[in-house]
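Structural overview for review
The residues making up each chain are set out below.
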Amino acid sequence: MLVKRAFILILLLALMGSTSAQAHQPVLLLDSDTTAAKGPLLLDGTVSFAVRASFRKAGEKKAFRADFKAGDLLAVQYLIVDKKPENSLKSSQLPAVVVTGPGGFKVTMKINERTNFYEPYTGTNYLYLARFSAVAKAGIYSFVITAKTKSSITLGVGDRETRGEVVRGP
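Scope of this entry: the structure provided in the associated data block. (Residues numbered from 1 in each chain as written. Predicted model: local features only at pLDDT ≥ 70, side-chain atom pairs only at ≥ 80, totals over all residues. Heavy atoms only, no water.)

**Regarding the pairing of strand β3 (residues 49–55)**
- Counting buried residues in β3 gives five out of seven residues, a clear majority hidden from the surface.
- As paired elements, strand β1 (residues 25–28) and β3 share four bridges and run parallel to each other. Among the inter-strand pairings, valine 27 is bridged to a residue of β3, identified as valine 51.
- When β3 meets strand β11 (residues 151–157), the two strands line up antiparallel, connected through seven bridges. Looking across to β11, one finds that phenylalanine 55 is bridged to serine 151. (Buried < 20%, exposed > 50% of the residue type's maximum accessible area, 1.4 Å probe, protein only. Helix = DSSP H or I, 4+ residues; strand = E, 2+ residues; numbered from the N terminus. Pairing = 2+ DSSP bridges.)

**Quick look at the sheet that holds strand β7 (residues 106–108)**
- If you trace the six strands from one edge of the open sheet to the other, you get β7-β6-β10-β4-β2-β12, paired in mixed fashion. Of all strands in the sheet, those with a lone pairing partner are β7 and β12 (166–167), marking the two edges.
- Of the pairings in the sheet, the one linking strand β6 (residues 96–100) to strand β10 (residues 139–146) comprises five bridges and is antiparallel in character. Residue pairing for β10: valine 97 is matched across the bridge by isoleucine 145.

**Remarks on the sheet that holds β1**
- Read across the open sheet, the six strands follow the order β1-β3-β11-β5-β9-β8; overall the sheet is mixed. Of all the strands in the sheet, the pair left with one neighbour each is β1 and β8 (115–119). Averaged over all pairs of adjacent strands, the angle between strand axes in this sheet comes to 35°, irrespective of strand direction.
- Judged from the nine bridges that link them, strand β5 (residues 73–81) and strand β9 (residues 124–135) form a sheet pairing that is antiparallel. Within β9, the residue paired with valine 76 across the bridge is phenylalanine 132. (Axes fitted to C-alpha atoms, helices over the stretch in contact; angles between N-to-C directions.)

**Details of the packing of aromatic side chains**
- In the structure shown here, the tally under the stated rule is six aromatic pairs.
- Judged by centre distance (4.6 Å) and plane angle (0°), the rings of phenylalanine 64 and phenylalanine 143 are stacked. You can see phenylalanine 64 sitting in strand β4 (residues 61–68) and its partner phenylalanine 143 sitting in strand β10, a full 79 residues away along the chain.
- Judged by relative accessible area, which is 0%, phenylalanine 64 ranks as buried.
- Residue class for phenylalanine 143 comes out buried when judged on its relative accessible area of 0%.
- When the ring of phenylalanine 68 is compared with that of tyrosine 141, the centres are 5.1 Å apart and the planes differ by 80°; the resulting orientation is edge-to-face. Pair noted here: phenylalanine 68 is in strand β4 and tyrosine 141 is in strand β10, with a separation of 73 residues, a long-range link. The pair phenylalanine 68 / tyrosine 141 is uniform in exposure class, with both members buried.
- Put simply, the rings of Phe68, Phe105, Phe132 and Tyr141 touch in pairs and so form one group of aromatic residues.
- Just above the ring of phenylalanine 55 sits the side chain of lysine 62; from NZ or CZ to the centre is 5.6 Å.
- Positioned above the aromatic ring of tyrosine 128 is the side chain of arginine 131, whose terminal nitrogen or guanidinium carbon lies 3.6 Å from the ring centre. (Phe/Tyr/Trp six-rings, centres within 6.5 Å; stacked < 30°, edge-to-face > 60°. Lys NZ or Arg CZ within 6 Å of the ring centre and 35° of its normal.)

**Brief notes about the environment of lysine 61**
- For lysine 61, the position within the fold is in strand β4.
- As for lysine 61 and isoleucine 145, which are separated by 84 residues in sequence, their C-alpha atoms are 5.6 Å apart.
- In terms of polar contacts, lysine 61 uses its side chain to reach the side chain of threonine 146, at 3.0 Å. (Polar contact = N/O pair within 3.5 Å; in protein donor to acceptor, adjacent residues only side chain to side chain.)

**Here we look at the nonpolar core**
- Residues Phe64, Tyr78, Phe143, Ile145 and Leu155 are the most contacted members of the largest nonpolar core, which totals 32 residues.
- Contributing elements (two or more residues each) for this core: β3, β4, β5, β6, β9, β10 and β11.
- Apart from the residues within four sequence positions on either side, phenylalanine 143 is in contact with Lys62, Ala63, Phe64, Arg65, Ala66, Leu74, Val76, Val98, Val99 and Val157. (Core = buried A, V, L, I, M, F, W, Y, C linked by side-chain atoms within 4.5 Å. Contact = heavy atoms within 4.5 Å.)

Written as structure tokens, this is what we have:
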């Protein structure tokens, strides 16, 4: 037991010092994250986060927020793991993603690709389904994901490979 704990501690310390361990920080959306206001807030939307949402049935919603400064790059990627059942779902069966921001900005991500992407840190094969980028206005952007069937997706938000903060609650 002591050897196992020591191994885990050494592994965690090694990962904390590694740049790739800080890349695409994972954020898991909870069942309670049903609106942007209830969901987590990414304090800097330019930091690279991998936001994971899993759904058990159609109609479920999960949401989060990200803060941007004027002129920041708003970069969002819609991905699924390249395995069943997700990779066998038609585009019309995958969750809808709507991004809303200051000044009336609103975009629904359109699924327009199925490009392979191997993520070496976790050893996971993904498929890019959609990508969006724009110049951000200052303020909070909300990301609302609505399921059309049982499924899971990952939203990549941000492009700076540095440590970022996530806040839960009001």
